[in-house]
Amino acid sequence: MVSFENTEIAFRDKSGNKLRKAYWLFRMVGSPLLVKTGSGLLKAALWMRLPVNWALKPTVFSHFCGGETIADCQPTIRQLGESNVLTILDYSAEGKSREEDFDHTRDQILATIDKAAEERHIPYAVFKPTGMASFELLAKVQSGAALNAAEEKAFERAKSRFDRVCAYGVSKGVPVMIDSEESWIQDVADGIVEEMMFRYNAEGPMIFNTLQMYRHDRLAYLEDFFRRARKKGIYAAFKLVRGAYMEKERERAARMNYPSPIYPDKDATDKAFDDAAELCVRNLDAGAVCVGTHNEHSCTRVVELMKQLDIAPGHKDVSFAQLLGMSDHISYNLANGGYQVCKYVPYGPVRTVVPYLIRRAEENTSVAGRLPGSCT
Ligand SMILES: Cc1cc2nc3c(=O)[nH]c(=O)nc-3n(C[C@H](O)[C@H](O)[C@H](O)COP(=O)(O)OP(=O)(O)OC[C@H]3O[C@@H](n4cnc5c(N)ncnc54)[C@H](O)[C@@H]3O)c2cc1C
C-alpha cells in the first residue's frame, strides 16, 4: 500500500534552499490576515497598473507556476518526469474579455497539445471554458436571456474554439481536459463539452469534463452520463475535483435568494467525491477518470479500490492529479508506487496568473501537514 509519509521520496528532488523558501512561503500564506491584505493590495496594484512582477516572480509565482511560457516550463517538466510525475501544462491567463484574447488562449492550448504530442511526460492538455468565451456571455446564455446578433456570433465562435482544440487533441492523440467553473456558467459549458464528448469519445476517452463534487447534483449527473454514454457507445471521461468556488457560490445563492448548489458540509462533499471516484473506477470498461485532489484519504480509497478490483496501478484510464507546489508527498509517493500521477503546471504572463495565485494562497491558509515546510 502507498504511504504518504515518505518525505524522502516526496522531496528528494528539491534543494535545501527550495525547501526553505517553500517553508517561509507557506508560513506566510498560513496567515489569513496576511493573505487577505496581500490579495487586496495585489488586486489594487493590478488595477492601478503598478509593476508586480518584482514581488511575485521570485516568490509565489516561482513556487506555483512553471514560468511565463511553455519553454520556461521545460526544467519543471524534466524534473517532475525524473520522478515519473507527469505534467499537464495549464495556460492560466484568466479574466479575459476580448475576442483576440480568446483566440490567443486557443492558440496557446493548441501549442500545449503540440508540446504534449512530442513529450512523453505530458499526457493531457487542459483549458478553462472562460479561456474560450467571456464569462458574461456564458452567464447570459445560461440565464436564458435573448442574445443579440453580435452575441450569437460570439457564442458560435466560442463553440468553434472548443471544437478546434478538441479536434486537434484527437488528431494528435492528446486527450483534452476541460476545467469547471462557477455553477451559473457551468450548464452552458457542460452542454458544449458533452457535445465534444459525444463527438470525440467513440474510440477512447479523449475529452474529459470536470465535475465539482461539492455540488449536490453532480453524482446524479455522473450516473446519468454513464447511462447515456453506454447507450451511445462512447467513453465517459471525467476529472473529479471538490470545487474551488464554494464561498462565491454560497454568497451568490444567499444574495439572490436561491438554494445553494453546494453541499451543506465538508463530510457530504467528501462522501460525494469518494462515491464518484468509486463509480468511475468500477466502470473503466466505459470510461476514464482523473482524481484531482490533495486529499490523502480520497487518494488512499482509490488506491485500495484499484487493488481490490485487481486494477494495475499504472492503468492508463486512472490518473491522479495535484497542483504544482502542493502535496508533493502525495504525487511523488503515488508515482513511486507506479500510479499515473500528474501535476498541473500553470504558466502565463505573471499579471494574468494572479487570480490563480490568489486562489492558491487562499486555499493554503487552511492547509496543514501537506507541504514541504511542514516536514522541515
Ligand atoms: C489537478 C487539479 C485540478 C483542479 N481543477 C479544478 C477545476 O477544474 N475546477 C475547480 O473548481 N477546482 C479545481 N481544482 C481545485 C479543487 O476543486 C479544490 O479546490 C482543491 O483541490 C481542494 O480540494 P481537495 O480535494 O484537494 O482538498 P480538501 O482539503 O479535502 O477539500 C477542500 C475542498 O472541500 C470542499 N469543502 C470545504 N469545506 C466545505 C464545506 N464546509 N462544505 C462543503 N464543501 C466543502 C471545497 O470544495 C474545498 O475546496 C483542481 C484541483 C486539482 C488538484
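The structure displayed is predicted, hence computed values, not measured ones. (Residues numbered from 1 in each chain as written. Predicted model: local features only at pLDDT ≥ 70, side-chain atom pairs only at ≥ 80, totals over all residues. Heavy atoms only, no water.)

Enquirer: Got a minute to help me understand the pairing of strand β6 (residues 287-292) in this structure?
Expert: Across a regular strand the side chains alternate sides, sitting on one face of the sheet and then on the other. Along β6, 6 of the 6 residues are buried, which leaves the element largely enclosed by surrounding structure. With burial as the criterion, each face of β6 is covered, one bearing G287, V289 and V291 and the other bearing A288, C290 and G292. Sheet analysis places strand β5 (residues 236-241) next to β6, joined by 5 bridges and oriented parallel. Residue pairing across strands places F238 opposite V289, the latter belonging to β6. By the bridge criterion, 4 bridges tie β6 to strand β7 (residues 318-323) in an arrangement that is parallel. Each residue of the ladder has a partner; that of V291, found in β7, is F320. Tracing the backbone out of β6, into helix α14 (residues 296-308) and back to the parallel element β7 gives a crossover that is right-handed. (Buried < 20%, exposed > 50% of the residue type's maximum accessible area, 1.4 Å probe, protein only. Helix = DSSP H or I, 4+ residues; strand = E, 2+ residues; numbered from the N terminus. Pairing = 2+ DSSP bridges. Right-handed = clockwise from strand over helix to strand, strands pointing away.)

Enquirer: Got a minute to help me understand the site of the ligand in this structure?
Expert: Neighbouring the ligand are 27 residues; G243, T269, T293, H294 and N295 lie closest to it. T293 has a polar side-chain atom sitting 2.6 Å from an oxygen atom of the ligand. Computed on the free molecule, the ligand has an accessible area of 930 Å², of which 87% lies beneath the protein chains in the complex. If you list the elements that add at least two residues to the shell around the ligand, you get β4 (207-212), β5, α12 (246-256), α13 (266-282) and β7. The element that contributes the greatest number of residues to the shell around the ligand is β7, accounting for 3 residues. Tallied by class, residues from the shell around the ligand come to 9 nonpolar, 10 polar and 8 charged. (Near = heavy atom within 4 Å. Polar contact = N/O pair within 3.5 Å; in protein donor to acceptor, adjacent residues only side chain to side chain. Areas by Shrake-Rupley, 256 points an atom, 1.4 Å probe, with all protein chains shown as cover. Nonpolar A, V, L, I, M, F, W, Y, C, P; charged D, E, K, R; others polar.)

Enquirer: Help me understand helix α9 (residues 149-172) in this model?
Expert: Each turn of an α-helix holds 3.6 residues, which means side chains three or four residues apart point in the same direction. With 24 residues, α9 should cover 34 Å at 1.5 Å per step; its first-to-last C-alpha distance of 35 Å lies within 8% of that length. Listing the buried residues of α9 in full gives E151, A154, F155, A158, R161, F162, V165, C166, Y168 and G169. The N-capping residue of α9, defined by a side-chain oxygen 3.1 Å from the backbone nitrogen of A150, is N148. Looking one or two places after α9, you find G173, whose phi comes out positive at around 70°. (Expected span 1.5 Å × (residues − 1).)

Enquirer: I tried to follow unusual backbone geometry on my own but got confused; where do I start?
Expert: Glycine aside, the phi torsion of most residues is negative, and most peptide linkages are trans. Positive phi, normally seen in glycine, also occurs at D310, with a value near 60°. Residues other than glycine seldom take positive phi values, yet S327 does so here, at roughly 50°. Structurally, S327 can be placed in the loop between β7 and α15 (328-336).

Enquirer: What is the right way to look at the sheet that holds strand β1 (residues 85-91) in this model?
Expert: Two modes of strand pairing occur in sheets, parallel and antiparallel, and in both the strands are linked by backbone hydrogen bonds. Ordered by their spatial adjacency, 8 strands build an open sheet running β1-β8-β7-β6-β5-β4-β3-β2, and the pairing between neighbours is parallel. Two strands lie at the open edges of the sheet, namely β1 and β2 (125-127), each paired on one side alone. Averaged over all neighbouring strand pairs, the angle between strand axes comes to 25°, with direction disregarded. Relative to β5, β4 is paired through 4 bridges, and the arrangement is parallel. Bridging across to β5, N209 finds its partner in F238. Each of β6 and β7 is contacted by α14, which is oriented at about 165° to β7, the strand it contacts most. (Axes fitted to C-alpha atoms, helices over the stretch in contact; angles between N-to-C directions. Contact = heavy atoms within 4.5 Å.)

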